[in-house]
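# A structural walkthrough
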Amino acid sequence: QKEVEQDPGPLSVPEGAIVSLNCTYSNSAFQYFMWYRQYSRKGPELLMYTYSSGNKEDGRFTAQVDKSSKYISLFIRDSQPSDSATYLCAMSAGSGGYQKVTFGIGTKLQVIP
Amino acid sequence: GAVVSQHPSWVICKSGTSVKIECRSLDFQATTMFWYRQFPKQSLMLMATSNEGSKATYEQGVEKDKFLINHASLTLSTLTVTSAHPEDSSFYICSARSEGDGYTFGSGTRLTVV
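In what follows, the accompanying structure is described. Since this is a predicted model, take the numbers as computed values, not measurements.

### Considering the sheet that holds strand 1 (residues 4-5) of chain A
Residues and elements named next belong to chain A.
- Pairing is antiparallel in the open sheet, where 5 strands are placed in the order 1-3-8-7-6. Taken across any chain shown, the strands that pair with only one partner, and hence form the sheet edges, are strand 1 and strand 6 (54-58).
- The sheet contact formed by strand 6 and strand 7 (residues 61-66) spans 5 bridges and is antiparallel. When the sheet's bridge partners are listed, Asn55 is paired in strand 7 with Gln64.

Encoded structure:
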């Protein structure tokens, strides 16, 4: 079983839809959770960074963490064609710069105009 | 936010030659940097952890003599692919973490070995 599971998609939605992206994990030591957006042939871009359980909102993006269920989500409201990319979840056990981060495989999202 | 600069963004080299990729943290110091490799339609695969002033820690299955890592300062790590072969063609990405933030990635280097 992989430490982090993420559906690779692809996920196609119409412009303006609410998008829900999810990951599950098995390592209860994970405390820090991140979502990245990666465009083709580019490095991942950090979208959201959260600690422990709860919600965090930034513009059209909302990240949710449910540690009891080992489940994290990223919601995108009013999705735009420019949101079309691969979204990777990531998590680590600590906040130190030496901590390894474990990634999901990434979900490919396509927002259709 | 934190910025990580990676150069070159793409490189084509002949089989048997070596290629050096640089990764710099521009506005923060990074005692640790990470090097990843990504194949098409696959997630990031951690190759090694680069530690300033000491030897890198390689993941299982990664040849340390082929992928030389040097972390000579708090803002610079380099990855040298030695005696490159076509199977080394891939997308290489570095990352570092500034205090209190998530990991920031470089823009990646697409290596093509012909």
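### Let's talk about the packing of aromatic side chains
- By the definition in use, this model includes 11 aromatic pairs over all chains.
- Between Tyr32(A) and Tyr51(A), the ring centres sit 4.8 Å apart and the planes meet at 40°, which makes this aromatic pair tilted. Note that Tyr32(A) is positioned in strand 4 (residues 32-38) and Tyr51(A) in strand 5 (residues 45-51), a separation of 19 residues in sequence.
- The ring of Tyr32(A) carries Arg97(B) above its face, with NZ or CZ at 5.6 Å from the centroid.

### Some remarks on the layout of surface pockets
All names here are of chain A.
- Taken as a whole, the largest pocket encloses approximately 610 Å³ of empty space.
- Broken down by element, the lining of the largest pocket gets its largest block of residues, 3 residues, from strand 9 (residues 85-92).
- Considering only residue class, the lining of the largest pocket consists of 9 nonpolar, 9 polar and 4 charged.
- Of the volumes computed, that of the second largest pocket is approximately 400 Å³.

### Description of the pairing of strand 8 (residues 71-76) of chain A
Residues and elements named next belong to chain A.
- Pairing of strand 3 (residues 19-25) with strand 8 involves 6 bridges; the strand directions are antiparallel. The partner of Val19 across the bridge, within strand 8, is Ile76.
- As defined by bridge partners, strand 7 adjoins strand 8 across 6 bridges and the pair is classed as antiparallel. Across the sheet, the residue bridging to Thr62 is Phe75, located in strand 8.
- Counting the residues in the hairpin turn of strand 7 and strand 8 gives 4 residues, including Lys70, whose phi is positive at 55°.

### Overview of the nonpolar core
- With 25 residues, the main nonpolar core has Trp35(B), Phe67(B), Leu79(B), Tyr92(B) and Leu111(B) as its most contacted residues.
- Those elements that provide at least two residues to this core are strand 2 (10-13), strand 3 (19-25), strand 4 (32-38), strand 5 (44-51), strand 7 (67-73), strand 8 (76-81), strand 9 (90-97) and strand 11 (109-113) of chain B.
- Not counting the four nearest positions on each side in its chain, Tyr92(B) is found in contact with Gln6(B), Ile21(B), Tyr36(B), Arg37(B), Met47(B), Phe67(B), Leu79(B), Gly108(B), Thr109(B) and Leu111(B).
- By size, the runner-up hydrophobic cluster in this structure holds 24 residues, among which are Val19(A), Trp35(A), Leu47(A) and Tyr87(A).

Calculation rules
Residues numbered from 1 in each chain as written. Chains lettered and ligands numbered in written order. Predicted model: local features only at pLDDT ≥ 70, side-chain atom pairs only at ≥ 80, totals over all residues. Heavy atoms only, no water. Pairing = 2+ DSSP bridges. Helix = DSSP H or I, 4+ residues; strand = E, 2+ residues; numbered from the N terminus. Phe/Tyr/Trp six-rings, centres within 6.5 Å; stacked < 30°, edge-to-face > 60°. Lys NZ or Arg CZ within 6 Å of the ring centre and 35° of its normal. 1 Å grid on protein atoms, 1.4 Å probe; cavity = no way out; pocket = protein on both sides within 12 Å on 5 of 7 lines; lining within 4 Å. Points joined across faces, edges and corners; volume = space filled by probe spheres on them. Nonpolar A, V, L, I, M, F, W, Y, C, P; charged D, E, K, R; others polar. Core = buried A, V, L, I, M, F, W, Y, C linked by side-chain atoms within 4.5 Å. Buried < 20%, exposed > 50% of the residue type's maximum accessible area, 1.4 Å probe, protein only. Contact = heavy atoms within 4.5 Å.

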